Amino acid sequence: MKTKILLDEEQMPKKWYNIQADLPSPLDPPLHPATHKPVGPDDLKAIFPMELIRQEVTTDRHIDIPEEVQDVLHLWRPSPLYRAHRLEKFLKTPAKIYYKWEGVSPAGSHKTNTSIPQAYYNMKAGIERIATETGAGQWGSALAFATMLYDLQCTIYMVRSSYAQKPYRKSMMQVWGAECIPSPSTKTNSGRAVLEKDPETPGALGIAISEAVEDAATHDNTNYALGSVLNHVCLHQTVIGLECREQLAMVDAYPDIVIGCVGGGSNFAGISFPFAGDKMTGKHKDVDLIGVEPASCPTLTKGLYTYDFGDVAGLTPLMKMFTLGHDFVPPSIHAGGLRYHGDSPIVSRLVHDGVMRAVSYHQSEVFEAAQTFARTEGIIVAPETSHAVRCAIDEALLCKKTGEEKTILFNCSGHGNFDMSAYDAYYAGKLVDYEYPDELIKQAISRIPKIT
Amino acid sequence: MYRIGFVVNPVAGMGGAVGLKGTDGRVGEARSLGATPQSGNRAKMTLSLLKKDPDLLFLTCSGNMGETILKEAGIPGYQVVFTGKSESSADDTKAAVQEFLNEGVDLILFCGGDGTARDVFSVTGRNIPILGIPAGVKMYSGVFAITPGAAAEMVAGSDKTILRDAEIMDVDEEAYRSGILTTRLFGVASVPVIAGMVQVPKQVFEETDEERAKDEIARFIHEVMVPDTLYILGAGTTTEAIARNLGIPKTLLGVDVIKNGRIVTQDANEKTLCNLVENEEDIRIIISPIGAQGFILGRGNQQVSAAIVRRAGIRNIIVVATPHKLQETPELLVDTGDSELDLEFGSSIQVISGYRIAQHKRIRQMS
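Within every chain, residues take consecutive numbers counted from 1 along the sequence as written. Think of it this way: whatever chain is written first is A, whatever ligand is written first is 1, and the rest follow in order. Whole-chain, interface and lining totals are the exception, using all residues; otherwise, since this is a predicted model, local features are given only for residues with pLDDT of at least 70 and side-chain atom pairs are given and counted only at 80 or more.

1. Some remarks on the overall build of chain A
Line of reasoning, step 1. Helix and strand counts for chain A stand at 18 helices and 16 strands.
Line of reasoning, step 2. In summary, chain A has a C-alpha radius of gyration of 20 Å against a globular reference of 22 Å for 452 residues, a match within 12%.
Line of reasoning, step 3. Summarising its shape, the C-alpha atoms of chain A cover approximately 55 × 55 × 45 Å along the three principal directions.
Line of reasoning, step 4. With C-beta atoms placed from the backbone, the exposure class of a residue follows from how many other C-beta atoms lie within 10 Å of its own: 20 or more, buried; 12 or fewer, exposed; in between, partly exposed. Every one of the 452 residues in chain A was classed for burial, and the buried ones make up 60%.
Line of reasoning, step 5. If you take every contact in chain A between residues at least 6 apart in sequence, the share linking residues at least 24 apart comes to 77%. The numbering of helices and of strands both runs from the N terminus, where a helix is a DSSP run of H or I of at least 4 residues and a strand a run of E of at least 2. Radius of gyration here is computed from C-alpha atoms only, and the compact-globule reference equals 2.2 Å multiplied by the residue count raised to the power 0.38. Contacts here follow a simple rule: the backbone-placed C-beta atoms of the two residues must lie within 7 Å.

2. Section: the overall build of chain B
Line of reasoning, step 1. When helices and strands are tallied, chain B shows 14 helices and 16 strands.
Line of reasoning, step 2. In chain B, which comprises 367 residues, the proportion classed as buried is 54%.

3. Comments concerning the pairing of strand β3 (residues 78-82) of chain B
Residue and element names in this part refer to chain B.
Line of reasoning, step 1. A pair of strands is treated as paired once DSSP finds two or more bridges between them. Sheet topology places strand β2 (residues 56-61) next to β3; four bridges connect them, and they run parallel. In the sheet register, F58 faces β3, and the bridge partner there is Y78.
Line of reasoning, step 2. Here the term right-handed applies to a crossover when the path leading from its first strand over the helix to its second strand runs clockwise, the strands being oriented away from the viewer. Where the polypeptide runs from β2 across helix α4 (residues 67-73) and back to β3, its parallel neighbour, the crossover connection is right-handed.

4. Looking at the interface of chain A and chain B
Accessible area lost when the parts come together is the quantity often used to give the size of an interface.
Line of reasoning, step 1. With 17 residues of chain A in contact, the opposing surface of chain B contributes 14 residues.
Line of reasoning, step 2. Considering every element that reaches the side of chain A that touches chain B, the biggest residue donor is helix α18 (residues 438-447) of chain A, with five residues.
Line of reasoning, step 3. Each residue gets one of three labels, nonpolar for Ala, Val, Leu, Ile, Met, Phe, Trp, Tyr, Cys and Pro, charged for Asp, Glu, Lys and Arg, and polar for the others, Gly among them. Partitioned by chemical class, the residues of the side of chain A that touches chain B number ten nonpolar, three polar and four charged.
Line of reasoning, step 4. Here strand β16 (residues 434-435) of chain A pairs with strand β16 (residues 357-365) of chain B via two bridges, running antiparallel. Bridge pairing links E435 of chain A to A358 of chain B in β16 of chain B.

5. Considerations on the packing of helix α5 (residues 112-124) of chain A against helix α6 (residues 138-149) of chain A
Residues and elements named next belong to chain A.
Line of reasoning, step 1. Each axis is a line fitted through C-alpha atoms, taken for helices only over the stretch in contact, and angles between the N-to-C directions span 0 to 180 degrees. Viewed as axis vectors pointing N to C, α5 and α6 meet at an angle of 35°, and their least axial separation amounts to 8 Å. The crossing of α5 and α6 is right-handed. Between α5 and α6, the contacting residues are T112, S115, I116, Q118 and A119 on the first element and A142, L143, F145, A146, T147 and L149 on the second.
Line of reasoning, step 2. For the contact of α5 with α6, the residue count by class is seven nonpolar, four polar and no charged. Crossing handedness is read from the near helix: turned anticlockwise from the far helix by less than a right angle, it gives a left-handed crossing, and turned clockwise, a right-handed one.

6. Remarks on unusual backbone geometry
Line of reasoning, step 1. Residues R77 of chain A and P78 of chain A are joined by a peptide bond in cis, for which omega reads -5°.
Line of reasoning, step 2. With an omega of 5°, the peptide bond between S183 of chain A and P184 of chain A qualifies as cis.
Line of reasoning, step 3. The backbone of D228 of chain B sits at a positive phi, close to 55°, despite the residue not being glycine.
Line of reasoning, step 4. Here D228 of chain B lies in the loop between α9 (208-224) and β8 (230-233).
Line of reasoning, step 5. If you check the backbone angles, N260 of chain B has positive phi at about 50° while not being a glycine.
Line of reasoning, step 6. Within the secondary structure, N260 of chain B is located in the loop between β9 (256-259) and β10 (262-265).

7. What about the environment of W101 of chain A?
Residue and element names in this part refer to chain A.
Line of reasoning, step 1. Looking at where W101 falls in the secondary structure, it is placed in strand β5 (residues 96-101).
Line of reasoning, step 2. Under the C-beta neighbour-count criterion, W101 is labelled buried, with 21 such atoms within 10 Å.
Line of reasoning, step 3. Sequence separation between W101 and C412 is 311 residues; the distance between their C-alpha atoms is 5.0 Å.
Line of reasoning, step 4. What W101 contacts, discounting residues up to four positions off in sequence, is S79, P80, Y82 and C412.

8. Topic: the domain arrangement of chain B
Residues and elements named next belong to chain B.
Line of reasoning, step 1. Segmentation of the chain into domains, including their bounds, is taken from an automatic or database domain assignment. Segmentation of chain B into domains returns domain 1 (2-192) and domain 2 (208-365).
Line of reasoning, step 2. For domain 1 versus domain 2, the separation of C-alpha centres amounts to 29 Å.
Line of reasoning, step 3. Taken together, the contacts link 15 residues of domain 1 with 15 residues of domain 2.

9. Details of the sheet that holds strand β8 (residues 179-183) of chain A
Residues and elements named next belong to chain A.
Line of reasoning, step 1. Strand order in this open sheet of four strands is β8-β7-β6-β9, and the pairing throughout is parallel. Both outer strands of the open sheet, β8 and β9 (222-225), are each paired with one neighbouring strand and no more. Across this sheet, the average inter-strand angle for adjacent strands is 25°, counted without regard to direction.
Line of reasoning, step 2. Note that strand β6 (residues 129-134) and strand β7 (residues 153-159) share six bridges and pair parallel. Within β7, the residue paired with I130 across the bridge is C154.

10. Observations concerning the sheet that holds strand β15 (residues 407-412) of chain A
Residue and element names in this part refer to chain A.
Line of reasoning, step 1. Taking strand neighbours across the sheet as the criterion, the seven strands line up as β1-β4-β5-β15-β10-β11-β14 in an open arrangement whose pairing is mixed. Lying at the two open borders of the sheet, with one neighbouring strand each, are β1 (4-5) and β14 (357-361).
Line of reasoning, step 2. The pairing of strand β4 (residues 81-83) with β5 spans three bridges and is antiparallel. Bridging across to β5, Y82 finds its partner in Y99.
Line of reasoning, step 3. Strand contacts of helix α12 (residues 266-280): β5, β10 (257-261), β11 (288-294) and β15, with the helix running at about 160° to β10, the strand carrying the most contacts.

11. Focus on the environment of K320 of chain A
All names here are of chain A.
Line of reasoning, step 1. Looking at the element boundaries, K320 is found in strand β13 (residues 318-323).
Line of reasoning, step 2. Along the sequence, K320 and P345 sit 25 residues apart, while their C-alpha atoms lie 5.9 Å from each other.
Line of reasoning, step 3. The contact partners of K320, leaving out residues within four places of it in the chain, are D28, Y307 and P345.

12. Focus on helix α2 (residues 50-57) of chain A
An α-helix turns once per 3.6 residues; consequently, residues spaced three or four apart project the same way.
Residue and element names in this part refer to chain A.
Line of reasoning, step 1. Taken together, the buried positions of α2 are occupied by L52, I53 and Q55. Down the axis of α2, the buried set is contained in an arc of 160°. They therefore lie on one face.
Line of reasoning, step 2. As for α2, its buried residues are in contact with α1 (41-44), β3 (62-64), α5 and α11 (231-250). The arc under discussion is defined with respect to the helix axis, by the directions toward the C-beta atoms.

13. A few points about the confidence of the model for chain A
Line of reasoning, step 1. pLDDT runs from 0 to 100 and stands for how confident the predictor is about each residue. With 98% of its residues at a pLDDT of 70 or more, chain A has an overall mean of 93.
Line of reasoning, step 2. Note on residues 448-452 of chain A: pLDDT is under 50 here. Beyond four places in sequence and across chains, it has zero contacts.

14. Description of the pairing of β16 of chain B
Residues and elements named next belong to chain B.
Line of reasoning, step 1. With four bridges joining them, strand β14 (residues 331-334) and β16 adopt parallel strand pairing. Paired with L332 across the strands is I363, a residue of β16.
Line of reasoning, step 2. Linking strand β15 (residues 348-354) back to β16 in an antiparallel pair, the connection comprises two residues, with R356 at a positive phi of about 55°.

15. Let's talk about helix α5 (residues 90-103) of chain B
Residue and element names in this part refer to chain B.
Line of reasoning, step 1. Expected span, for any helix, means 1.5 Å times one less than how many residues it has. In this model α5 runs 20 Å from its N-terminal to its C-terminal C-alpha over 14 residues, within 8% of the 20 Å that 1.5 Å per residue would give.
Line of reasoning, step 2. Among all positions in α5, only D92, T93, A96, V97 and F100 are buried. The arc that holds the buried residues of α5, viewed along the axis, is 130°, so those residues lie on one side. Along α5, the residues that are exposed and aim more than 90 degrees away from the buried face are D91 and N102.
Line of reasoning, step 3. Looking at the packing, one finds that the buried side of α5 touches β1 (2-8), β2, β3, β4 (107-112) and α6 (114-124).
Line of reasoning, step 4. Looking one or two residues beyond α5, the residue adopting positive phi is G104, at roughly 75°.

16. Digging into the environment of Y224 of chain A
Residue and element names in this part refer to chain A.
Line of reasoning, step 1. Mapped onto the secondary structure, Y224 falls in strand β9.
Line of reasoning, step 2. Distance in space between the C-alpha atoms of Y224 and A212 is 6.6 Å, their sequence separation being twelve residues.
Line of reasoning, step 3. Aside from chain neighbours lying at most four places away, what touches Y224 is I47, F48, A131, T132, A212, V213 and A216.

17. Brief notes about the packing of helix α15 (residues 363-376) of chain A against helix α16 (residues 383-402) of chain A
All names here are of chain A.
Line of reasoning, step 1. Orientation of α15 relative to α16, taken along the N-to-C sense of each, is 80°, at an axis distance of 8 Å. Judged by the inter-axis angle, α15 sits roughly perpendicular to α16. Residues E365, V366, F367, A369, A370, T372 and F373 of α15 lie in contact with α16, whose contacting residues are S386, H387, V389, R390 and I393.
Line of reasoning, step 2. In terms of residue class, the contact of α15 with α16 is made up of seven nonpolar, three polar and two charged. Orientation labels follow simple angle bins: below 35 degrees gives roughly parallel, above 145 gives roughly antiparallel, 65 to 115 gives roughly perpendicular, and whatever is left gives oblique.

This is the structure we're talking about:
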């Protein structure tokens, strides 16, 4: 029985899979924040290179991965697919658990799958500098690595609570030559506005996005890059699922369940979209696709499916997505990368249409699962990833009850080597199980008179 | 033979159910409001669990300061070593404890509240261990077992366990009645310990970020308040912040009632609350755990009785607490006096701890 299922370098996908081609109807268009009219390519030109704008809206099923990008991806791709024999044995489950290990990238997570092409297209467009935000620091470090390869300057607004919790992520960005600023900062109007209102704020991804977008929009040589949510980001991550499908085929398997954690949705999109495509086109109608969220920020499970801003200041286009409200500042959980009020419009749409589903967990539950995983498979996963681990374990335990031999695949999206303070908090019994008081909010909303 | 000095403050706790926030100097008033003595019954619950232990010898006071209760609980061997002059005198309690010391007891077991703890400790100091059976209105001191049953377990196991320090807190009862919660450290007593069974001294958090957290909680509660619903606001500084956010005053230590943003009644006792909820369709109870002990019902909010909770429904209880307070409170405790109702709370509860933020906390039933 194989433990690692490996592809050769030349077997790495040469094209990304664009799920927009297989949606039964087109996505609701993003709307201009001021006019509420659909945004056109010109509206986005100020902060994105044209090729990424094209990828954002195209309905072509396959999009070529430039050779220069493939060359860089070969540093760690194809990434290994593991069969979790030891975890299965520990759980005494008849289920077969597979995990795609994305922690082998230089930055330690899946984020480099999109930071490389994004930096590449910006370099091609003659851009000199990129501004971005980062939650836990995974995206910031991945973009710092990518911009260094293409000789671009990089400014990263890092959510303040993570900046304090994860100092080594900041050090990585420095090694790769990027500038890392805690957000909210005094460098931007949006940052100053938040600080004025609330000098002690822990910050949030939505605030950091406002700062980075403002930075890009006010500097001619600077573009903006986003590490999740947008269609082109999800597109770049599909290499994960495409490789998984090949690797599983090598052992004559196809997943019954595909799992990924969800913050902005790109890591879940990456592993699940190729399978969601199979589901929508009728090739594998029964595959169960599960996004896993923190109970403190349960966008897909407890949010509203509606148009909302992607950031706190309301600078981004309005997107149709599940949202907890763009002014919602989620509590400072250790899975900082999952603290986002909204979600990828495509993932939102697929959850809304029932192609995918979502579940949520408390912090202590996911760290317990992460410990089990570390003590069986060895890998100490990032707090974000531990959400996927929890769900995979629960699904495997369900199989133990029912006796079903399901094939479970999850995205083991990153390592937690810089998150040991979170594990320390778990062992000290200091993890707080935050949750979202949706019942109270719903009661209040239901009693608000409808304005017609 | 393990020698225990046993003394009961017969009037302890009487002020609680009638909204007096303490019984010191208010026994007559409590009686006229319909309060009945409770401490004897609480003490009897402890003693009845100890009646079969042949190694215990109780030394006690005459009448309802000890003897009557020992007799009713079926304790076979005890000695009356002190005869009190009146039923509510702190001097009597102190004199009895002094007599126990003269007799060379190993432990003093008392039943009462913070005032009683203070009286007992003022005589014993750290010389011998003391243990309180909770029966008072306020129990900020750490010398109380969590329940009468837990007190029995600790007595039975006390010669085998290590002693620990427990703070005796002094609550200014007159200030407390006028809405100012001032607790100060009165002394550090020695108590027998079985892990998890002694109340941690209550703490009132007044740091800057606590105030901020209270305001956030208040902002959220304000946002989710619905019209034509009766809101019962329990005691404490967090519920006070909620009232402040609504622009209405709040008695810090009493239970107030509001509806449609206006005060219905302030500082209500159990009877008033019962009358109020009788004709209401939608009722919410907003309460905060008391200090570091984590009691959401049963300590400090006694006016919100089991009957009121049943009328409102457990799902209509909104628990609020600042993150700091919750950090000091690994689990929340419920002791409504109605064990069936306590069980209906289940194993966990949601606690609002910020604006649109809640924490998932374990809950433990006391009975």
